Amino acid sequence: MTTTDRALESARQEDACRTRVVLDIVADKWSLLVVRNLRQGPRRFTELKRAIDGISQRMLTVTLRSLERDGILTRTVRNVMPPHVTYELTPMGITLREAAAPLLEWSIAHLTHIDTARAAYDARTGGPSNSAVSGGS
């Protein structure tokens, strides 16, 4: 292997390791739900909060800031009283939404199957594992 080949291979390996950063974005519990809820255009914070069941105000704020930092969405503030803030997907965010759509649709389509499989597993094993519920303690 030549020096150039080794350098290219090293760069590929580094890029592969860095993909974990991207996977952290899409594997986050709330990020894809926010992206999905922005599919029809700009939305206000309260609209997102109502649309995403179970997300706290703090977690929505953290998620929106993270997605804005990563270039997935933009935050626009209109100087009116009270201030009007909207969130909208960037072109890169739109491509993420398009890439994630099949996964989200799969999740919706298989939710009842997963619930059934969990119930059957819990019945066979005597209930949910304490380590899974308590985080492994």
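The structure contained in this document is the topic of the report that follows. (Residues numbered from 1 in each chain as written. Predicted model: local features only at pLDDT ≥ 70, side-chain atom pairs only at ≥ 80, totals over all residues. Heavy atoms only, no water.)

1. Brief notes about the overall build of the protein chain
Summing up its helical and strand segments, the protein chain has 6 helices and 3 strands in all. Across the protein chain, helices and strands are ordered from the amino to the carboxyl terminus as α-α-β-α-α-β-β-α-α. The burial tally for the protein chain puts 22% of its 137 residues in the buried class. Taking as baseline every contact in the protein chain between residues at least 6 positions apart, the subset at least 24 positions apart corresponds to 46%. Surface accessibility of the protein chain: about 10,000 Å² in total, with carbon and sulfur atoms responsible for 55%. (Helix = DSSP H or I, 4+ residues; strand = E, 2+ residues; numbered from the N terminus. Buried < 20%, exposed > 50% of the residue type's maximum accessible area, 1.4 Å probe, protein only. Contact = heavy atoms within 4.5 Å. Areas by Shrake-Rupley, 256 points an atom, 1.4 Å probe, with all protein chains shown as cover.)

2. Re the pairing of strand β3 (residues 84-89)
In terms of burial, β3 is largely enclosed, as 5 of its 6 residues are buried. In this sheet, β3 lies alongside strand β1 (residues 43-44) in antiparallel orientation, the contact comprising 2 bridges. Considered in β3, the bridge of R44 is made with T86. Two elements, strand β2 (residues 73-78) and β3, share 6 bridges in a ladder whose sense is antiparallel. Of the residues in β3, the one forming a bridge with L73 is L89. Hairpin geometry of β2 and β3 is characterised by an intervening segment of 5 residues between the two adjacent antiparallel strands. (Pairing = 2+ DSSP bridges.)

3. Description of the nonpolar core
The biggest cluster of nonpolar side chains holds 21 residues, and the ones touching the most others in it are V34, L38, L60, L64, L67, L73 and Y87. When contributions to this core are tallied by element, the ones reaching two or more residues are α2 (31-37), α3 (45-51), α4 (57-69), β3 and α5 (91-125). In contact with L67, other than residues within four places in its own chain, are I25, S31, V34, V35, I72 and L73. (Core = buried A, V, L, I, M, F, W, Y, C linked by side-chain atoms within 4.5 Å.)

4. Regarding the layout of surface pockets
Quantified by volume, the largest pocket comes out at close to 480 Å³. Lining the largest pocket are 17 residues, with L33, L104, S107, I108 and L111 positioned closest to its centre. Within the residue set of the lining of the largest pocket, elements represented by two or more residues are α2 and α5. Split into classes, the residues belonging to the lining of the largest pocket amount to 9 nonpolar, 2 polar and 6 charged. (1 Å grid on protein atoms, 1.4 Å probe; cavity = no way out; pocket = protein on both sides within 12 Å on 5 of 7 lines; lining within 4 Å. Points joined across faces, edges and corners; volume = space filled by probe spheres on them. Nonpolar A, V, L, I, M, F, W, Y, C, P; charged D, E, K, R; others polar.)

5. A few points about α5
The axis of α5 is deflected most strongly, by about 55°, at H110. Buried residues of α5: G93, L96, A100 and L104, and no others. Downstream of α5 by one or two residues, G126 has phi in the positive range, about 85°. (Bend = angle between axes of the 7 residues up to and from the residue.)

6. Re the sheet that holds β1
The strand order β1-β3-β2 describes an open sheet built from 3 strands, whose pairing is antiparallel. Where the open sheet ends on each side, the last strands, each with one partner, are β1 and β2.

7. A short note on the pattern of salt bridges
One pass over the structure, following the stated rule, counts 2 salt bridges. Measuring nitrogen to oxygen at the nearest pair gives 3.8 Å for the salt bridge that ties R36 to E105. Note that R36 is positioned in helix α2 and E105 in helix α5, a separation of 69 residues in sequence. For E105, a relative accessible area of 44% gives the class partly exposed. (Salt bridge = Lys/Arg side-chain N within 4 Å of Asp/Glu carboxyl O.)

The values reported here are purely geometric and, on their own, carry no functional implication.
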